[in-house]
Amino acid sequence: MALFRRRRSTQSDSAVAVDAFWRQWPEFRAPLAALAESGTQLPQDVADRLKEAVRRIHPDVTWQVGTAPRASGGGPGDTGDLDLDEDSDPGRLLERLAALDDPLASLENAGDYALTLSAGSDDQARVLTERWARAAPQEPGWRFFPAFPRDHDRLGKTLAWEGHELDLSHCTVAMRVDQQSSRMEIGVYHPDFMFLADDLRGGVSERVVLLALGEDDYVRWISKVEPLVEKPLDPLPPASMPSVVEQLASTMGSGGWVTLQGRVPLRGIIEIAVRHPLHRRDFPALTLYVHVALPYTNSDSDRLPAEPSATALAEFTEGLRTLLGDNGALLAQQTSGGQRQFYFYLDPDSGVLSDFEPAVRAWTEGQPTLQSRLDPEWQTIDQLMRPIRRQLGG
């Protein structure tokens, strides 16, 4: 059996559907622009063809057209994702603050139309909307989103909702961390909720959270959204939600890597390093699991890497990650018994595997091995992460 087996890619039904959508795009472009610009309804035949083109990608995907959110994603006075920690680099912080005050920077892409496909909470459908967005043409005046983006500018405007108009600038929220699930419960208050039916309140509340966080963070972090008819005791503006979510993520592992160790009889120390927190939404296009094992020459008494092998492994790994770029990611690694195993996930449609395989072969401290298989549901990494999440409480 060959050590490195080339995976022959075949065009899946979804790939055919994505390709078919973009072939039809010229007939959708002008009617969608008119809808976004002035509310002109799509001609029925165009609406039917668009609906069918989206359904073929995935039956649970929905579409929406409008104007693109501002590049900064925030509204007036919103610092967005600025890191205001005392250890922040002053130069970068000043640059980002200046960008917020720069009207040209804040209006970048503001005149563009935006076509969004939404998968909702369906992770498999989210894989397909990502493929759709990655295959999009370079289209002046248009932006294509594989999930609803954060749009804080609209949190200060009027929302038309099933015959009602609500000024969202009057919204406030209450947030509570669900310790059991390490997610958040959100209460949304608007003074006009007392005049609305329960289902309308619920729909508006979900829309507010979606505008504040964007679709992916909504799915990652929110376990419950409910409307409030009484103003919270400690109300917060909806635009503050991203910073609270970041704080929640940091308590679960600093948004980076967590390393755990244990001793195994006859094998010595086993060390596992994983991205944490890790959500399927973090890398929607990465569905090809690639397992790489590298033996190393120099080890300590616990059979963990010693110099110069430790440095060689670190530099080699960084080279592989640089090679992958946005087409792949290292999600975990396990080290024991003179060998380091890597859990990579790649975008199978990118073709990066053909460059990745020879790069792995270049390892010089013993014979490397590589195995790959499609794993769109991330079953392999989930199996590795399950006991780790229990131990970390997330």
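Quantities reported herein were computed from a predicted structural model and do not represent experimental measurements.

> Looking at this structure, I do not really get the overall build of the protein. What am I missing?
Tallying secondary structure elements over the protein gives eleven helices and 14 strands in all. Sorting the 394 residues of the protein into buried and exposed places 46% on the buried side. Of the contacts made within the protein by residues no fewer than 6 positions apart, 71% connect residues no fewer than 24 positions apart. As displayed, the protein offers around 20,500 Å² of accessible surface, 49% of which is attributable to carbon and sulfur atoms.

> Could you clarify how one ought to interpret the sheet that holds strand 2 (residues 113–118) in this entry?
Spatial strand order, 1-2-3: three strands in an open sheet with mixed pairing. A strand with exactly one partner marks an edge of an open sheet, and here the two such strands are strand 1 (62–67) and strand 3 (142–145). Each strand axis lies, on average, 15° off the axis of its neighbour in the sheet, ignoring direction.

> Honestly, the sheet that holds strand 7 (residues 183–189) in this entry has me stumped. Any pointers?
Backbone hydrogen bonds hold the strands of a sheet together, and the pairing may be parallel or antiparallel. Across the sheet, which stays open at both edges, the three strands sit in the order 6-7-8 with mixed pairing between neighbours. Bordering the open sheet on either side are strand 6 (172–178) and strand 8 (222–228), each of which pairs with just one other strand. Strand after strand, the sheet turns through a mean of 20° between neighbouring axes, direction not considered. Relative to strand 7, strand 6 is paired through seven bridges, and the arrangement is antiparallel. Of the residues in strand 7, the one forming a bridge with Val177 is Met184. Each of strand 7 and strand 8 touches helix 6 (residues 198–213); the most contacted strand, strand 8, lies at about 130° to it. Its contacts with the sheet place helix 8 (residues 241–251) against strand 6 and strand 7, and it is angled at close to 160° to strand 7.

> Before we go on, may I ask you to explain the packing of aromatic side chains in this structure?
In this description, an aromatic ring pair is defined by two values, namely the gap between the centres and the angle between the planes. One pass over the full model with this rule turns up 17 aromatic pairs. Pairing Trp132 with Phe144 gives two aromatic rings, centres 6.0 Å apart and planes at 90°, and the pair type is edge-to-face. Taken together, the residues span a long stretch of sequence, with Trp132 in helix 5 (residues 123–134) and Phe144 in strand 3 at a distance of twelve residues. Phe144 shares its class with Trp132; the two are buried.

> Whenever I open this one, the confidence of the model for the protein confuses me. Can you help?
When pLDDT drops low, the exact placement of atoms in the prediction is not to be read closely. Summing up the model confidence of the protein, the mean pLDDT is 87 and the portion of residues at 70 or higher is 85%. When the criterion is pLDDT under 50, residues 1–11 qualifies, and its contacts beyond four places in sequence or with other chains add up to 20 contacts. Low pLDDT, under 50, characterises residues 72–107; the predicted model gives this stretch 32 contacts beyond four residues in sequence or across chains.

About the criteria used
Residues numbered from 1 in each chain as written. Predicted model: local features only at pLDDT ≥ 70, side-chain atom pairs only at ≥ 80, totals over all residues. Heavy atoms only, no water. Helix = DSSP H or I, 4+ residues; strand = E, 2+ residues; numbered from the N terminus. Buried < 20%, exposed > 50% of the residue type's maximum accessible area, 1.4 Å probe, protein only. Contact = heavy atoms within 4.5 Å. Areas by Shrake-Rupley, 256 points an atom, 1.4 Å probe, with all protein chains shown as cover. Pairing = 2+ DSSP bridges. Axes fitted to C-alpha atoms, helices over the stretch in contact; angles between N-to-C directions. Phe/Tyr/Trp six-rings, centres within 6.5 Å; stacked < 30°, edge-to-face > 60°. pLDDT = per-residue confidence, 0-100.

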